[in-house]
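# Coordinate analysis (summary)
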Amino acid sequence: MQKMNIGLQLYTLREEMATDFKGMLKKVAELGYEGVEFAGYGGLPADELKALLDELGLKGFSSHLSLHALRADLQKEINYLKAIGAQYMVCPYLFPEDRPKNADEWRTLYAELEQIGKEVQKQGLIFGYHNHDFEFEGVVGDNNPFDAMFAETTPHAVQMEMDVCWVQFAGKDPLQYIGKYAGRLPLLHLKDYSLDDQEQMVTLELGEGVVDLPAVIKAAEQAGVEWLIVEQDFCQSPPLQSIEKSYAWIKRNYLA
């Protein structure tokens, strides 16, 4: 079975990237990450970013783009991703004001995502949706909104970027969900967490929390995942130390 690629969601380094975008990309490459998933481009023109990625030997395989950005100028976002050699475009989050309040509103959103995904696919990219926990709250037909999204859209248009940390925090079994969506799950956010005294999530370096990461990795391989993506929403240590520690865990437990 072919090894999955190891990437980093650059949101983890958002504060560092804001002051030294190019320097942080260089450090990510030096740590051993094969690719990066963007959460902003540091104001760089696409050709300049592509040249930098090539110089560093990094694949800029994916980018998180808000629903607002997709609605404002989808073609601009497609053009940029194609220019940097990306393959995936992911809607990462719904701000509270954008979240559907009932089944009809969810279905309206599904139809919009389907249309976005069809256009993205027509132009040679792959569109996906990244979950948090709120998508598991409520009911749409016979499903929760998350499962309904993938029942009422087509794999041709809408693929999945599963965040196993949020799936487990929502009270679901990540292993069961990975298996359920095998073949529609090219990207997986590999994350770990614990709970604080208020039962809120505290994101941790890989191997430090409650997620059964070795089982997740095995299930991901069997499901055809292409990229395992490290992301830590909030780091307990300096973020560069956190991503180095998480990569070291992957190197010991998967790449060795």
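Residues numbered from 1 in each chain as written. Predicted model: local features only at pLDDT ≥ 70, side-chain atom pairs only at ≥ 80, totals over all residues. Heavy atoms only, no water.

Attention now moves to the environment of Gln-2. Relative to the elements of secondary structure, Gln-2 occurs in the segment before β1 (5–9). Gln-2 gets classed as exposed once you look at its relative accessible area, which sits at 72%. Placed 118 residues apart in sequence, Gln-2 and Val-120 show a C-alpha to C-alpha distance of 27 Å. (Helix = DSSP H or I, 4+ residues; strand = E, 2+ residues; numbered from the N terminus. Buried < 20%, exposed > 50% of the residue type's maximum accessible area, 1.4 Å probe, protein only.)

This part is about the nonpolar core. Among the nonpolar cores identified, the biggest contains 81 residues, and Leu-49, Leu-188 and Leu-228 are the most heavily contacted of them. Sequence-distant contacts of Leu-188, defined by excluding residues within four places in its chain, comprise Met-162, Val-164, Ile-178, Val-216, Ala-220, Val-225, Trp-227, Leu-228 and Ile-229. (Core = buried A, V, L, I, M, F, W, Y, C linked by side-chain atoms within 4.5 Å. Contact = heavy atoms within 4.5 Å.)

Within the structure shown, the criterion is met by zero disulfides. Cysteine Cys-91 shares no disulfide, and the gap to the nearest cysteine sulfur, in Cys-165, comes to 19 Å. Of all cysteine sulfurs in the structure, the one in Cys-165 sits closest to Cys-235, which takes part in no disulfide; the separation is 12 Å. (Disulfide = S-S within 2.5 Å.)

What follows deals with the pattern of salt bridges. Opposite charge on two side chains makes pairing possible when the charged atoms of those side chains draw close. Under the definition given, this model contains 11 salt bridges. In this structure, Glu-119 engages Lys-122 in a salt bridge whose closest nitrogen and oxygen atoms are separated by 3.2 Å. Taken together, the residues span about one helical turn, with Glu-119 and Lys-122 both in helix α5 (residues 103–122) at a distance of three residues. The exposure class of Glu-119 is partly exposed, given its relative accessible area of 25%. (Salt bridge = Lys/Arg side-chain N within 4 Å of Asp/Glu carboxyl O.)

Counting through the fold element by element, Asp-196 comes out in the loop between β8 (192–195) and β9 (201–204). Its relative accessible area of 28% is what places Asp-196 among the partly exposed residues.

What follows covers the sheet that holds β1. Strand order in this closed barrel of eight strands is β1-β2-β3-β4-β5-β6-β7-β10, and the pairing throughout is parallel. Sheet twist, expressed as the mean angle between neighbouring strand axes with direction ignored, is 30 degrees. Helix-sheet contacts for α5 involve β4 (88–91) and β5 (126–130), and the interaxial angle to β5 is about 145 degrees. Taken strand by strand, helix α10 (residues 239–255) contacts β1, β7 (187–190) and β10 (227–230), and its axis lies near 165 degrees from that of β1. (Pairing = 2+ DSSP bridges. Axes fitted to C-alpha atoms, helices over the stretch in contact; angles between N-to-C directions.)

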